[in-house]
Amino acid sequence: MNFIRNHKKIVFVLLLVFFLFILLRNFKDTSNHYVNSIYKSDERIYHEFLGKDDQAMYDLLLDYSLKHKMNTIIDMDKYHCYDYLDCADVIHYAHEAIMVDHPELMNYAGYSWHYVNNTFFLHLRPSYILSYKDYYGEQRILSILSKIKKDTKDMDDREKILYVYNWMGENNSYDYYFTYTSKNQSVYNVFVKHNAVCAGFAKASQIIFSSIGIESYIVSGMSDDSHMWNIVQYDGHYYYFDSTIAVGLKKSSEHYYDGLSQVYLNDYVPDHPDWYPEVEQENMFEL
């Protein structure tokens, strides 16, 4: 009888430890800039590359975006800004880190600012105003990701990379009419409206790659113009991946797969090369 009682106590303690582990893990997830369930960010840029002032600005931008707040006054002393241009640099660096760390952030597209009478005014530019789209977009994207996972579960890495490239090209169009607005930068545009620009395509590619087990990164920088694309890992090496090219061309075009051609993409220049692994100069595989 003592053995049975002791056994029950051990089982009870183990179950208690297990549930506490789950509770603490979920608390950690939700307290560490949790956005939604479509992507679990490791916040690599936040932790590895930002200073304390940059992190504080990152916290503010993310918090305001999640609460659908659009305007605030920046306390320049709090972020140790020497002048308004220095403060603008802190904001821009934090903004770029958020773009890389949080592709799942659907309603944040960017910001603007102005400085008047020794006051720094910051304005966040949302992708949409109505907050119900946060929930609707999350559920819609989760449904699409579930189908993509089923479609790719028996594929090798090469097939998965090709699948994502073709999926982006076949399911989306490029927004040539409102290219530089805040309304087409989000993964909401890609998965729900199927009409976006490079920022949306790079973020959506990142989310899909993460869901199907391909290591990847979002990159902002320059090609012919300001641009966003991805880095993908294949066979132990890293290569550029630009799904915007697939979206902008018909599949019958001889240039359709240029977005998978490292040789074609070698002139791309990242804004922050220290954030990323070194990419190869040759193509990742034969097409």
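This report concerns the structure included in the present document.

**Some points on the overall build of the chain**
Then step 1. Scanning the chain for helices and strands turns up 10 helices and nine strands.
Then step 2. Total accessible area on the chain is roughly 15500 Å²; 55% of this is exposed by carbon and sulfur atoms.

**Focus on the packing of helix α5 (residues 132-152) against helix α6 (residues 157-171)**
Then step 1. Contact geometry for α5 and α6: axes closest at 11 Å, N-to-C directions at 140°. Here α6 runs oblique to α5, going by the angle between their axes. You can see that α5 and α6 cross each other, and the crossing is right-handed. Residues Ile144, Ile148, Asp151 and Thr152 of α5 form the contact with α6, whose participating residues are Lys160, Tyr163 and Trp167.
Then step 2. Considering only residue class, the contact of α5 with α6 consists of four nonpolar, one polar and two charged.

**Brief notes about the pattern of salt bridges**
Then step 1. Per the stated rule, a full pass over the model turns up four salt bridges.
Then step 2. Where Lys147 meets Asp151, a salt bridge forms, and the shortest distance between an N and an O atom there is 2.9 Å. With Lys147 and Asp151 both in helix α5 and four residues apart, the pair spans about one turn of that helix.
Then step 3. With relative accessibility at 34%, the residue Asp151 sits in the partly exposed group.
Then step 4. Of the charged contacts, one joins Glu170 and Lys251 as a salt bridge, the two residues approaching to 3.0 Å between their closest N and O atoms. Taken together, the residues Glu170 in helix α6 and Lys251 in the loop between α9 (243-248) and α10 (262-265) connect sequence positions 81 residues apart.
Then step 5. We classify Glu170 as exposed; its relative accessible area is 52%.

**Examining the layout of surface pockets**
Then step 1. Estimated volume of the largest pocket: approximately 970 Å³.
Then step 2. As for the largest pocket, its lining consists of 35 residues, and the residues nearest its centre are Cys198, Asp225, Ser226, His227 and Met228.
Then step 3. No other element matches helix α4 (residues 84-101), which puts five residues into the lining of the largest pocket.

**What about empty space enclosed by the protein?**
Then step 1. Applying the stated rule across the entire model yields one cavity of 30 Å³ or more.
Then step 2. Looking at the largest cavity, its volume works out to about 40 Å³.
Then step 3. Lining the largest cavity, in full, are Tyr64, Ser65, His68, Lys69, Met70, Asn107, Tyr108, Leu124, Arg125 and Pro126.
Then step 4. Looking at the lining of the largest cavity, the elements that each hand over two or more residues are α3 (52-66) and β3 (119-126).
Then step 5. In terms of residue count, the dominant contributor to the lining of the largest cavity is β3 (three residues).
Then step 6. Looking at the lining of the largest cavity residue by residue, the classes come out as five nonpolar, three polar and two charged.

**Looking at the sheet that holds β3**
Then step 1. Reading across from one edge, β1-β3-β2 is the order of the three strands in this open sheet, with antiparallel pairing throughout. Lying at the two open borders of the sheet, with one neighbouring strand each, are β1 (71-74) and β2 (108-116). Put simply, the sheet's adjacent strands are angled 25° from each other on average, direction ignored.
Then step 2. Examined bridge by bridge, β2 and β3 share eight bridges and lie antiparallel to one another.

**Structural notes on the packing of aromatic side chains**
Then step 1. Evaluation of the coordinates by the stated rule reveals 23 aromatic pairs.
Then step 2. Here the aromatic rings of Tyr174 and Phe201 are separated by 6.3 Å at their centres, their planes lie at 45°, and the arrangement is tilted. Of this pair, Tyr174 sits in strand β4 (residues 173-174) while Phe201 sits in helix α8 (residues 198-212), and the two are 27 residues apart along the sequence. Per residue, the accessibility class of Tyr174 equals that of Phe201, and both read buried.

**Some remarks on the sheet that holds strand β7 (residues 226-234)**
Then step 1. Spatially, β8-β7-β6-β9 is the arrangement adopted by the four strands of the open sheet, whose pairing is antiparallel. Edge positions in the open sheet fall to β8 (237-241) and β9 (269-270), since each of these has one partner strand only.
Then step 2. Running at roughly 20° to β7, α8 makes contact with β6 (216-222), β7 and β8 of the sheet.

**Comments concerning the pairing of β6**
Then step 1. Burial of β6 is extensive: six of the seven residues sit out of reach of the surface.
Then step 2. Where β6 folds back on β7, the antiparallel hairpin that results is connected by three residues.
Then step 3. Pairing geometry for β6 and β9, over two bridges, is antiparallel. Of the residues in β9, the one forming a bridge with Gly221 is Pro270.

What counts, and where the lines are drawn
- Throughout this description, residue numbers start from 1 for each chain and increase along the sequence as written.
- Local features are withheld for residues below a pLDDT of 70 in this predicted model, meaning they are given only at 70 or higher, and side-chain atom pairs are given and counted only at 80 or more; totals for whole chains, interfaces and linings count all residues.
- Computation of side-chain values: all heavy atoms of the structure, hydrogens and water removed.
- Strands are runs of DSSP state E lasting at least 2 residues, helices are runs of H or I lasting at least 4, and numbering of each runs from the N terminus.
- Methods summary: accessible areas were calculated by the Shrake-Rupley approach with a probe of 1.4 Å, and residue burial reflects only the protein chains presented.
- Fitted lines through C-alpha atoms serve as axes, helices being fitted only where they are in contact, and the angles separating the N-to-C directions of these axes extend from 0 to 180 degrees.
- Angles below 35 degrees are treated as roughly parallel, those above 145 as roughly antiparallel, those between 65 and 115 as roughly perpendicular, and all remaining angles as oblique.
- Definitions for this section: a left-handed crossing has its near helix turned counterclockwise from the far helix by less than a right angle. A right-handed crossing has that turn clockwise.
- In what follows, a contact means two residues having at least one pair of non-hydrogen atoms within 4.5 Å.
- The nonpolar class holds Ala, Val, Leu, Ile, Met, Phe, Trp, Tyr, Cys and Pro. Asp, Glu, Lys and Arg form the charged class, and all remaining residues, Gly among them, are polar.
- By definition, a salt bridge exists where a carboxyl oxygen of Asp or Glu is found within 4 Å of a side-chain nitrogen of Lys or Arg.
- Partly exposed residues are those whose accessible area sits between 20% and 50% of the maximum for their type, while under 20% is buried and over 50% is exposed, using a 1.4 Å probe and protein chains only.
- A 1.4 Å probe that fits but cannot get out identifies a cavity on a 1 Å grid over protein atoms alone, an open set with protein on both sides within 12 Å along at least five of seven lines counts as a pocket, and a residue lines either if it has an atom within 4 Å of a point.
- Grid points are joined across faces, edges and corners, and a volume is the space filled by probe spheres set on the points.
- Pairing between strands is defined by DSSP: at least two bridges between them are needed.
- Think of it this way: a Phe, Tyr or Trp ring, Trp meaning its six-membered ring, pairs with another when their centres are within 6.5 Å, and the plane angle makes it stacked under 30 degrees, edge-to-face over 60, tilted otherwise.

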